[in-house]
Amino acid sequence: MSLDNYIGFIAGIASGATKLLIGHPFDTIKVRVQTEGFGGRFKGPLHCLKETIRNEGIRGMYKGATPPLFGWAMMDSIQLGTLTNLRLLLKDDDKPLTVPQHALAGLGTGIVVSFVATPIEVLKANLQIQYGKDTTRYSGPIDCAKKLYKDQGIAGIYRGLSGCLLFRSFFWLLWGSYEVYSNTLVQHGVDQSLIPFLAGGLAANTFWTVSFPADVIKNKLMTRPTINPKFRTIAQCARYIYSTDGIKGFYRGFVPCFIRSFPTNGAAIFVFETISSFGKNYSKNN
């Protein structure tokens, strides 16, 4: 195996760290608004932001950041390493991949990374919805993992796996649209150095607009009570959201997510492409 097979994993670590730094505060607001629903403690994203800072300070915005500190680096390493290798498998000699091939590589990537992402997101989400002493059950990610395992075994750590697979199956759209946007920007003469950031941001906006309902379901499944939950499956969860909040319930928390997605994912993909390009050039010259 050459450096080309490994460079995606290396670049993914830097990409994941970039996502955490830029995106976690937005993610905290998104998860809190999603899980509370329309009858919860927050009137909307801005109210959630104000209440979080007022009651918990800036540190509250980074609550639950420890799992993704390592987790996003690991997830993006697995995700982008898998993506790179699937692209290599699909490549026919020196011909560039087609948009459907990029989308297929994205789909396979989403399925693979879901098995790594689920435990990390379960810990993150359950820590993020702790608002104060009355709702604090876990002292940190390790304590959260221990208690979930004690309550439900390995199923407690992997609760919401089906929702994660559903959500990340939309990676076909992320990486398929990224190729479309990249080609379009090239045709319009945009500076080559700006294309990864711009195409990455646009692809992320497209991805989240379509996949957001699946993300709501995923987070609801991951944070549901361990005793007498109101839903256990994707279908049950979807029916519950619709019966309590209607269609708008599937897009609760969408605004902070949409705002976050362009700079966070644009920067992460820029870092990934930059390091990948460096690695490929190094491999060719050595």
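Relevant structure appears above.
Thresholds applied
Residues numbered from 1 in each chain as written. Predicted model: local features only at pLDDT ≥ 70, side-chain atom pairs only at ≥ 80, totals over all residues. Heavy atoms only, no water. Helix = DSSP H or I, 4+ residues; strand = E, 2+ residues; numbered from the N terminus. Expected span 1.5 Å × (residues − 1). Buried < 20%, exposed > 50% of the residue type's maximum accessible area, 1.4 Å probe, protein only. Arc of directions from axis to C-beta. Contact = heavy atoms within 4.5 Å. Salt bridge = Lys/Arg side-chain N within 4 Å of Asp/Glu carboxyl O. Core = buried A, V, L, I, M, F, W, Y, C linked by side-chain atoms within 4.5 Å.

Which parts of the structure should I look at to understand helix H6 (residues 141-152)?
Residue pairs three or four apart in sequence face the same way in an α-helix, which turns once every 3.6 residues. Over its 12 residues, H6 extends 16 Å from the first C-alpha to the last, a length consistent with the 16 Å expected when each residue adds 1.5 Å. Residues Asp143, Cys144 and Leu148 constitute the buried set of H6. What you see down the axis of H6 is that its buried residues fit within an arc of 125°, all on one side. Exposed residues lying more than 90 degrees from the buried face of H6 are Ile142, Lys146 and Lys150. Looking at the buried positions of H6, the neighbouring elements they touch are helix H5 (99-128) and helix H7 (154-157). Looking at the residues trailing H6, positive phi occurs at glycine 153, about 70°.

Can you walk me through the environment of lysine 150 in this structure?
Following the sequence through the fold, lysine 150 ends up in helix H6. The spacing of lysine 150 and methionine 222 is 72 residues in sequence and 16 Å in space, taken between C-alpha atoms.

What am I meant to see in the pattern of salt bridges here?
Side chains bearing opposite charge may pair, as long as their charged atoms lie close to each other. One pass over the full model with this rule turns up 8 salt bridges. Between aspartate 215 and lysine 218 there is a salt bridge, with the nearest N and O atoms lying 3.1 Å from each other. You can see aspartate 215 and its partner lysine 218 sitting in helix H10 (residues 195-223), 3 residues apart, about one turn around the helix. The residues aspartate 215 and lysine 218 share a single accessibility class, namely buried. Taken together, the shared-partner salt bridges in this structure form one network comprising Glu121, Arg168, Asp215 and Lys218.

I tried to follow the environment of glycine 249 on my own but got confused; where do I start?
Examined against the element boundaries, glycine 249 turns out to sit in the loop between helix H11 (234-245) and helix H12 (254-285). With a relative accessible area of 5%, glycine 249 lands in the buried category. Residues glycine 249 and isoleucine 217, spaced 32 residues apart in sequence, show a C-alpha to C-alpha distance of 9.9 Å.

When you look at the nonpolar core in this model, what are you seeing that I'm missing?
The tendency in soluble globular proteins is for nonpolar side chains to be buried side by side. Counting 44 residues, the largest nonpolar core has Leu148, Trp175 and Phe207 as its most contacted members. Those residues in contact with phenylalanine 207 that sit more than four places away from it in its chain are Phe167, Phe170, Phe171, Leu173 and Leu174. In this structure, Ile29, Cys48, Met61 and Ala125 belong to the second largest nonpolar core, which totals 9 residues.

Any functional reading would require information beyond the geometric quantities listed.
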